[in-house]
Amino acid sequence: LDAGTPQYMTSDPTSFASNSVRQRWPIIIVRGAVMVSTPDEPRLLTRPPRQTGAVDDVYRAVSKTHDPEKQAEGKKIIEQLGNLKYEVQHDRKLSPIADDGYPDEVAAYNKEIADLGNPSWLHVPWLFSECYMYRRISSFFQPTKHWKNYDVFARQKTDSFRGSRNAVLELASRYKELVEQLRADKDVTHDDEAEKLLFAEFFDICLWGNATDLSLLTSLTYEDIQQLQGSAARKAAEKNILVNDLPASYEILHKARAEGQKERRVDFVLDNAGFELYVDLALAGFLLSSGLATQVILRPKSIPWFVSDVLPGDFSALLNAISNPKAFFETQTEDEQLQGKTPEPVSDKEVQDLVFVFQEWANLHVEGRLIMRPNRYWTAGGSFWRLPHQAPELYEDLRGAELVIFKGDLNYRKLTGDARWDPTTPFQEALGPMGKGSGVNVLSLRTCKADVVVGLPAGKDEELKKTEGGGGDSGARTWAWHGKWAVVCLSQRS
Ligand code: F6P
Ligand code: MG
């Protein structure tokens with residue numbers, strides 16, 4: 001079922017896995033053991049909310065409710081999260097997940113633990129252990145009465161979307177201009193060259209939107225992130241796209257339309273909420289307005305995942321936010337209250353642009369041309385080498401699309417099995433059963449945030465390792481860890 005090539009392991013000191021398990025995950029679960037041992041400590045509320053982990057978030061919610069049953073459940077969750085963090089930091093074995101109402105899913109996770117020989121946190125395949133961590137966290141919430149649908153990362157996602165304000169407004173203005181231009185263009189003569197340029201621009205925006213996910217926030221500041229989001233940064237980053245299969249991807253959609261194919265669907269296997277979802281929607285809106293696609297299916301996660309991944313509720317939250325930009329961007333956050341800051345007012349032009357964008361997307365949604373289709377398989381613990389076999393219905397569904405866009409780093413890791421490929425291995429080969437002959441046109445848009453990389457020209461990896469912070473002779477591929485470099489890889493279905 002899996003690639004024969006070995007996977008990246010948390011025990012490998014040269015892998016980003018090792019850094020993740022030791023530094024990033026404990027912070028994601030909770031900031032500071034003190035918080036767990038004395039959850040009544042009021043100091044917690046004065047911490048900058050943007051930097052909080054899961055425990056801090058639940059603690060905050062517990063302290064706001066007056067319902068004793070909800071409080072008791074919340075305290076139990078805090079304790080479970082604390083235990084999980086302890087297990088990670090003390091290299092305990094990955095314990096079986098308790099049944100939380102999804103017995104098949106839990107059984108699959110627990111079987112994998114057994115098949116791996118009951119590993120401990122510091123000696124386990126990176127991909128599986130990281131998925132397990134989020135699935136295990138979900139199992140603390142799922143069986144409760146009051147916290148069942150609670151998204152422990154929701155506040156971070158909303159805060160960061162608010163923090164992306166400049167880039168959001170900049171893009172709204174550009175989007176309105178382009179859609180209007182596209183409509184005018186359609187009425188006169190259709191200009192393929194202009195369309196191709198727009199296609200490249202929207203994909204570029206969508207690609208770099210992935211550089212800013214929240215699970216890396218433990219090492220980047222909000223200011224870093226804002227800088228990464230503007231159009232100037234994108235232009236400068238063009239040379240950082242190591243592989244670019246966009247022209248061939250355009251041809252697929254262009255040809256389907258030229259041949260008069262009636263239904264031309266593009267699927268997005270989504271990654272992060274907030275700014276990245278916003279740019280995904282911009283790309284989806286462009287594909288639909290230009291007629292390159294007739295329908296777009298967005299595929300979100302079903303449980304809080306890798307901090308910032310899209311849940312169905314994030315889609316409505318985003319539409320809500322942009323439907324009333326003043327209410328969203330001008331309301332003082334708790335963070336701003338603490339710092340005595342008042343948000344800048346949104347100008348009338350900015351409101352109009354964003355409301356235009358909202359109306360466009362809301363209409364597409366109502367018309368059924370832009371829809372969400374969740375599937376719990378996206379939060380399973382294995383790689384997509386197993387997808388055709390383990391999720392045959394989902395696989396069939398994906399085969400119905402003209403193009404399936406896999407967003408982000410984790411999807412790339414899952415596609416390639418997170419294995420130690422030689423970096424010159426062809427992308428298609430690294431996809432195994434999802435590659436050649438799969439019947440799926442797979443397009444991966446990924447900014448690199450992990451070790452695995454394939455499809456590079458010979459010598460490129462060595463060259464990048466020699467750059468500053470690239471890893472040198474250390475054996476680590478550090479150039480690929482922080483979202484600076486990107487790949488756009490296509491595997492054609494037949
Ligand atoms: O490598 C850092 C990391 O947080 C990984 O844990 C994970 O693979 C990835 O980044 C998440 O990024 P993305 O949101 O792009 O999938
Ligand atoms: Mg993500």
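Counting of residues starts from 1 at the beginning of each chain's written sequence and follows it residue by residue. To read the labels, note that chains go from A and ligands from 1, taken in the order they are written. Reporting in this predicted model follows two pLDDT cut-offs: at least 70 for local features of residues, and 80 or more for side-chain atom pairs to be given and counted; totals over whole chains, interfaces and linings ignore these cut-offs and use all residues. Side-chain measures here rest on the full set of heavy atoms in the structure, leaving out hydrogens and waters.

Chemist: Even after reading the chapter, I still don't get the overall build of the protein chain, so can you show me in this structure?
Modeler: By definition, any uninterrupted DSSP run of H or I lasting at least four residues is a helix, any uninterrupted run of E lasting at least two residues is a strand, and each is numbered from the N terminus. What the protein chain contains, in helices and strands, is 22 helices and seven strands. We compute the radius of gyration over the C-alpha atoms and compare it with the globule rule, which gives 2.2 Å times the number of residues raised to the power 0.38. Relative to the globule expectation of 23 Å for 494 residues, the C-alpha radius of gyration of the protein chain, 22 Å, shows essentially globular dimensions. Principal axes of the C-alpha set define a box for the protein chain whose edges measure 70 × 55 × 45 Å. What makes two residues a contact is simply this: any of their non-hydrogen atoms within 4.5 Å. A fraction of 80% describes how many contacts in the protein chain between residues 6 or more apart in sequence connect residues 24 or more apart.

Chemist: What am I meant to see in the environment of Glu 130 here?
Modeler: Take Glu 130: it is sitting in helix α6 (residues 126-141). Burial classification: accessible surface area is computed with a 1.4 Å probe over protein chains only, and a residue below 20% of its type maximum counts as buried, one above 50% as exposed, and the rest as partly exposed. Owing to a relative accessible area of 2%, Glu 130 belongs among the buried residues under this scheme. For the pair formed by Glu 130 and Ala 17, sequence separation is 113 residues and the distance between their alpha carbons is 9.1 Å. Residue contacts for Glu 130: discarding those within four places in its chain leaves Arg 24, Trp 25, Phe 306 and Arg 413. We define a polar contact as two N or O atoms separated by no more than 3.5 Å, with the added condition that, inside protein, one atom must be a possible hydrogen donor and the other a possible acceptor, whereas residues neighbouring each other in sequence contribute only through side-chain atom pairs. Within the structure, Glu 130 has its side chain in polar contact with the side chain of Arg 413 (distance 3.0 Å).

Chemist: I'm lost on the sheet that holds strand β7 (residues 486-491) in this one. Help?
Modeler: Between any two strands, at least two bridges found by DSSP are needed for them to pair. The sheet built from seven strands is open, its strands ordered β1-β7-β6-β5-β2-β3-β4 with mixed pairing. Strands with a single pairing partner mark the edges of an open sheet, and in this sheet they are β1 (241-244) and β4 (370-372). Strand-to-strand twist in this sheet, taken as the mean axis angle between neighbours without regard to direction, amounts to 15°. For strand β2 (residues 265-269) and strand β5 (residues 403-407), the ladder comprises four bridges, and the chain directions are parallel. Among the inter-strand pairings, Phe 268 is bridged to a residue of β5, identified as Ile 405. Working convention: axes come from line fits to C-alpha atoms, limited for helices to the stretch in contact. Angles between N-to-C directions cover 0 to 180 degrees.

Chemist: Could you clarify how one ought to interpret the pairing of β2 in this entry?
Modeler: If a strand is regular, its side chains alternate between the two faces of the sheet. In terms of burial, β2 is largely enclosed, as five of its five residues are buried. Alternating positions in β2 separate into two faces, Arg 265, Asp 267 and Val 269 on one and Val 266 and Phe 268 on the other, with burial throughout. Note on handedness: a crossover is taken as right-handed if, strands pointing away from the viewer, the path from the first strand over the helix to the second is clockwise. At this point the chain moves from β2, through helix α13 (residues 275-289), to the parallel strand β3 (residues 295-299), and the crossover so formed is right-handed.

Chemist: For this particular structure, what's the right way to read the coordination of the magnesium ion (ligand 2)?
Modeler: For a metal bound by four donors in tetrahedral geometry, the ideal donor-metal-donor angle is 109.5 degrees, whereas six donors in octahedral geometry ideally sit at 90 or 180 degrees. Here the term donor refers to an N, O or S atom within 2.8 Å of the metal (or 3.2 Å for Na, K and Ca), and because water is left out of the atoms, sites may appear incomplete. Summarising the metal site, the magnesium ion (ligand 2) is bound by the protein donors Asp 271 (OD), Asn 272 (OD1) and Asp 309 (OD), whose distances to it range over 2.1 to 2.2 Å. Mapping the donors of the magnesium ion (ligand 2) onto the primary sequence yields the spacing D-N-x36-D. Of this pair, Asp 271 sits in the loop between β2 and α13 while Asp 309 is found in the loop between β3 and α14 (312-323), placing the two residues 38 residues apart along the sequence. Residue Asp 271 is classed as buried on the basis of its relative accessible area, which comes to 7%. According to the relative accessible area criterion, Asp 309 is buried, its value standing at 2%.

Chemist: Got a minute to help me understand the nonpolar core in this structure?
Modeler: Nonpolar side chains tend toward joint burial in soluble globular proteins. Counting 86 residues, the largest nonpolar core has Val 58, Leu 81, Trp 121, Met 133, Leu 387, Phe 406 and Trp 479 as the members making the most contacts within it. By nonpolar core is meant a set of buried Ala, Val, Leu, Ile, Met, Phe, Trp, Tyr and Cys residues that side-chain atoms within 4.5 Å join together. Listed in part, the 67 residues of the second largest apolar core include Ala 273, Leu 277, Ala 282 and Phe 328.

Chemist: Teacher, can you tell me more about the packing of aromatic side chains here?
Modeler: Both the distance between ring centres and the angle between the ring planes are used here to describe each pair of aromatic rings. Each aromatic pair joins two rings of Phe, Tyr and Trp (for Trp, the six-membered one) with centres within 6.5 Å, and gets the label stacked for planes under 30 degrees apart, edge-to-face for over 60, and tilted for any other angle. Within the structure shown, the criterion is met by 28 aromatic pairs. Aromatic side chains Phe 199 and Phe 203 sit 4.5 Å apart centroid to centroid with 45° between the ring planes, which places their arrangement in the tilted category. Taken together, the residues Phe 199 and Phe 203, both in helix α9 (residues 192-208) and four residues apart, mark about one turn of the helix. For the pair Phe 328 and Phe 329, a centre-to-centre distance of 4.9 Å together with 75° between the ring planes defines the contact as edge-to-face.

Chemist: I keep staring at the side chain of Thr 447 and nothing clicks. Help me out?
Modeler: Mapped onto the elements of the fold, Thr 447 is located in strand β6 (residues 442-447). A distance of 2.9 Å separates a polar atom in the side chain of Thr 447 from a polar atom in the side chain of Asn 210.

Chemist: Explanation requested: the environment of Lys 235 in the structure shown.
Modeler: Position of Lys 235 relative to the elements: it lies in helix α11 (residues 231-237). Separated by 184 residues in the primary sequence, Lys 235 and Ala 419 have C-alpha atoms spaced 31 Å apart.

Chemist: Could you clarify how one ought to interpret helix α17 (residues 348-366) in this entry?
Modeler: Residues spaced three or four apart along an α-helix face the same direction, because each turn holds 3.6 residues. Each helix should span, by expectation, one fewer than its residue count multiplied by 1.5 Å. Between the first and last C-alpha of α17 there are 26 Å, a value that for 19 residues agrees with the 27 Å anticipated at 1.5 Å per step. Along α17, the residues classified as buried are Asp 353, Leu 354, Phe 356, Val 357, Glu 360, Trp 361, Ala 362 and Leu 364.

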